[in-house]
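# Observations on the three-dimensional arrangement
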Amino acid sequence: MLYIKNLEDGIELFKVLGSEVRVNIIKLLLQNREMNMNEIANSLNITNGALTSHIKRLEDAGLILVAGDAAGHGNQKVCSVKQERILVDIVPESGDSQTGSYEAEVPVGQYASYSVFPTCGISTVEHLIGEVDDPRYFAHPDRIQAGVLWFSRGYVEYLIPNVLPAAQKIDELMFTMEISSEAPGTNNDWPSDITFSLNDVPIGVWTSPGDFGDARGTFTPDWWLPNWNQYGLLKMLVINREGTFIDGLKISDVSLEQFRLDYRSLIRLRMEVREDAAHVGGMTLFGSGFGNYSQGIKVRIRYSKMAG
């Protein structure tokens, strides 16, 4: 998911999408998952030279991925769609001096508690931590350096930094993370119900469609085996006074008001695959050095002055 925080930041993206040719390229890639440059040019009846500039604009905007063709088509570049959704905040943040926002990034290995079951594992960008399918290694000190972790059921829970100025209340919590299911090996059609909880209260469920291994993750290390989890989907979880949302779509009526969070509050975010879920398909969480985004759990807290 591509998140545009205000209209000004989206101007270049809007220009890229203002071309019928580039929109048709995206539509082709959605239909065929991936295509090389010759295939796209032939389908659109344009020259390779004309296509190259369009592909570069789409790649620079973060809308598509371009990689070498591993299937043996010479120097052909293979293109695929990178983003599944674009979210634009049309109404900007208030410029009121009584409001503000705080941002942080939590490494995926910096969980405060966990309970996981095989298949499972955890790895830095350089090496596996211990052995796969042994939950004991989730307690290894090297976990702080982890760039990816996975389990078939269970949970990881993170303590979210809350260093807001004094006398501030929290109006909105936003989390973005790259996440997928966890199948034995990989399976792009492997649904999994992932429950998000805030301070022990379930706030919503998102169903991951699969455990993706059809293409190597943009940042996934070269030594990582091709039949292991390669990349996930970038999801944005938001809870505010209106409810809880994934990528702007409401998933529950649980609102932030019932938590009454302020600058003194402990904030715990749990991601869990429950044993009694309709789809027990595991979870993979990608961090720095893995997947398509190379980030931990990004946090943004919007706050305002407490009354009285």
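In what follows, the structure referred to is the one given above.
With that out of the way, let us pick up the packing of aromatic side chains. Pairs of aromatic rings are described using the distance from one ring centre to the other and the angle between the two planes. In total, this model carries nine aromatic pairs according to the counting rule given. Measuring from ring centre to ring centre gives 6.1 Å for tyrosine 111 and phenylalanine 138, while their planes differ by 35°; the resulting arrangement is tilted. In this pair, tyrosine 111 sits in the loop between β6 (99-106) and β7 (113-123) while phenylalanine 138 sits in the loop between β7 and β8 (148-160), placing the two residues 27 residues apart along the sequence. The pair formed by tyrosine 111 and phenylalanine 138 is uniform in burial state, with each residue classed as buried. With centroids separated by 5.7 Å and ring planes inclined at 35°, the aromatic side chains of tyrosine 114 and phenylalanine 138 adopt a geometry described as tilted. A residue pair is termed long-range when its members are at least 10 positions apart, and tyrosine 114 in strand β7 and phenylalanine 138 in the loop between β7 and β8 qualify at 24 residues. Classification of tyrosine 114 by relative accessible area gives partly exposed; the value is 28%. With relative accessibility at 1%, the residue phenylalanine 138 sits in the buried group. Ring-pair connections join several aromatic residues into one group, and the members of that group are Trp150, Trp223, Trp224, Trp228 and Phe290. The cationic tip of arginine 143 hangs over the ring face of tyrosine 111; the distance from NZ or CZ to the ring centre is 4.6 Å. Sitting over the face of the ring of tyrosine 155, arginine 270 holds its NZ or CZ atom 3.6 Å from the ring centroid.

With 45 residues, the main nonpolar core has Leu149, Tyr158, Leu173, Met271 and Leu285 as its most contacted residues. Among all residues touching leucine 149, those that are not within four sequence positions of it are Val108, Tyr111, Gly121, Ile122, Phe138, Val156, Tyr158, Met283, Thr284 and Leu285. Leu13, Val16, Met35 and Leu58 belong to the second-largest nonpolar core, a separate cluster that totals 18 residues.

Here the focus is the environment of methionine 177. Checked against the element boundaries, methionine 177 lands in strand β9 (residues 168-180). Residue methionine 177 is classed as buried on the basis of its relative accessible area, which comes to 1%. Through-space distance from the C-alpha of methionine 177 to that of asparagine 162 is 18 Å; in sequence the pair is 15 residues apart. Ignoring anything within four residues of it in the chain, the contact list for methionine 177 reads Phe196, Leu233, Leu234, Lys235, Met271, Leu285, Gln295, Gly296 and Ile297.

On to the packing of helix α2 (residues 20-32) against helix α3 (residues 37-44), then. At a minimum axis separation of 11 Å, α2 and α3 run at an interaxial angle of 120°. Taken as axis vectors, α2 and α3 run oblique relative to one another. The crossing of α2 and α3 is right-handed. Listed contacts from α3 to Val21, Asn24, Ile25, Leu28 and Leu29 of α2 are Ile40, Ser43 and Leu44.

Scoring rules and cut-offs
Residues numbered from 1 in each chain as written. Predicted model: local features only at pLDDT ≥ 70, side-chain atom pairs only at ≥ 80, totals over all residues. Heavy atoms only, no water. Phe/Tyr/Trp six-rings, centres within 6.5 Å; stacked < 30°, edge-to-face > 60°. Helix = DSSP H or I, 4+ residues; strand = E, 2+ residues; numbered from the N terminus. Buried < 20%, exposed > 50% of the residue type's maximum accessible area, 1.4 Å probe, protein only. Lys NZ or Arg CZ within 6 Å of the ring centre and 35° of its normal. Core = buried A, V, L, I, M, F, W, Y, C linked by side-chain atoms within 4.5 Å. Contact = heavy atoms within 4.5 Å. Axes fitted to C-alpha atoms, helices over the stretch in contact; angles between N-to-C directions. Parallel < 35°, antiparallel > 145°, perpendicular 65-115°, else oblique. Left-handed = near helix turned anticlockwise from the far one by under 90°.

Geometry only, nothing functional implied.
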